[in-house]
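The primary structure of each chain is shown beneath.
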Amino acid sequence: LIVKGEHEAYVKVTEAQPGSINITSTPYKTSYYVGEELNLDGLTVEATYSDGSTFVVTVTSDMVSGFDSSVAGTQTLTVTYEDCTVNFDVEVIEE
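Everything in this summary refers to the structure shown in the same document. (Residues numbered from 1 in each chain as written. Predicted model: local features only at pLDDT ≥ 70, side-chain atom pairs only at ≥ 80, totals over all residues. Heavy atoms only, no water.)

### Describing the overall build of the chain
From N to C terminus, the chain includes zero helices and nine strands. Across the chain, helices and strands are ordered from the amino to the carboxyl terminus as β-β-β-β-β-β-β-β-β. Looking at the chain as a whole, 24% of its 95 residues are labelled buried. Excluding contacts between residues fewer than 6 apart, the proportion of contacts in the chain whose partners are at least 24 apart in sequence is 44%. Here the chain displays about 6,500 Å² of accessible surface, and carbon together with sulfur accounts for 47% of that area. (Helix = DSSP H or I, 4+ residues; strand = E, 2+ residues; numbered from the N terminus. Buried < 20%, exposed > 50% of the residue type's maximum accessible area, 1.4 Å probe, protein only. Contact = heavy atoms within 4.5 Å. Areas by Shrake-Rupley, 256 points an atom, 1.4 Å probe, with all protein chains shown as cover.)

### Brief notes about the nonpolar core
Membership of the largest hydrophobic core comes to 19 residues, with the highest contact counts inside it found for Ile-21, Leu-43, Val-45, Val-59, Val-79, Tyr-81 and Phe-88. Put simply, the parts of the chain that give this core at least two residues each are strand E5 (44–49), strand E8 (73–81) and strand E9 (84–93). No other element matches the five residues that E9 contributes to this core. Filtering out sequence-adjacent residues up to four positions away, Tyr-81 remains in contact with Pro-18, Ile-21, Ala-47, Tyr-49, Phe-55, Val-57 and Met-63. (Core = buried A, V, L, I, M, F, W, Y, C linked by side-chain atoms within 4.5 Å.)

### Points about the sheet that holds E5
Whether parallel or antiparallel, the strands of a sheet pair through hydrogen bonds between backbone atoms. One open sheet accounts for three strands, arranged E3-E5-E6; its pairing is antiparallel. This sheet does not close on itself; its edge strands, each paired only once, are strand E3 (18–25) and strand E6 (54–57). The sheet shows a mean angle of 25° between the axes of neighbouring strands, direction not considered. In this structure, E3 lies alongside E5, joined through six bridges in antiparallel fashion. Looking across to E5, one finds that Ile-23 is bridged to Val-45. (Pairing = 2+ DSSP bridges. Axes fitted to C-alpha atoms, helices over the stretch in contact; angles between N-to-C directions.)

### A few points about the pattern of salt bridges
Working definition: two side chains of opposite charge can pair if their charged atoms are close together. Going through the model one piece at a time under the given rule, you end up with one salt bridge. Notably, a salt bridge pairs Lys-29 with Glu-36, separated by 3.5 Å at the nearest N-O pair. (Salt bridge = Lys/Arg side-chain N within 4 Å of Asp/Glu carboxyl O.)

### Some details on the sheet that holds E8
Spatially, E4-E9-E8-E7 is the arrangement adopted by the four strands of the open sheet, whose pairing is mixed. In this open sheet, the two strands that pair with only one neighbour each are strand E4 (31–33) and strand E7 (64–65). With nine bridges connecting them, E8 and E9 associate as antiparallel partners. If you follow Thr-76 over to E9, its bridge partner there is Asp-89.

Structure, rendered in structure tokens:
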């Protein structure tokens, strides 16, 4: 914004950037048999922005990494949203 006249004022407007994300609700399903597909139903993630505002993020499978249903054991999955990350664990078990 530039105001001309007797005085000039310059205002730089910047968009708030996400500073962190947090899991507010884990997925309904956190235990899988070997070979099952990841189910993110129930997973709720909230982003907190630099201006203090918050936004509920719709998590899609392309935002989640670390899941390998061919390997049994506890796996730490990572949700990434605009350069912010948060982790949660799932268990893959043999039938």
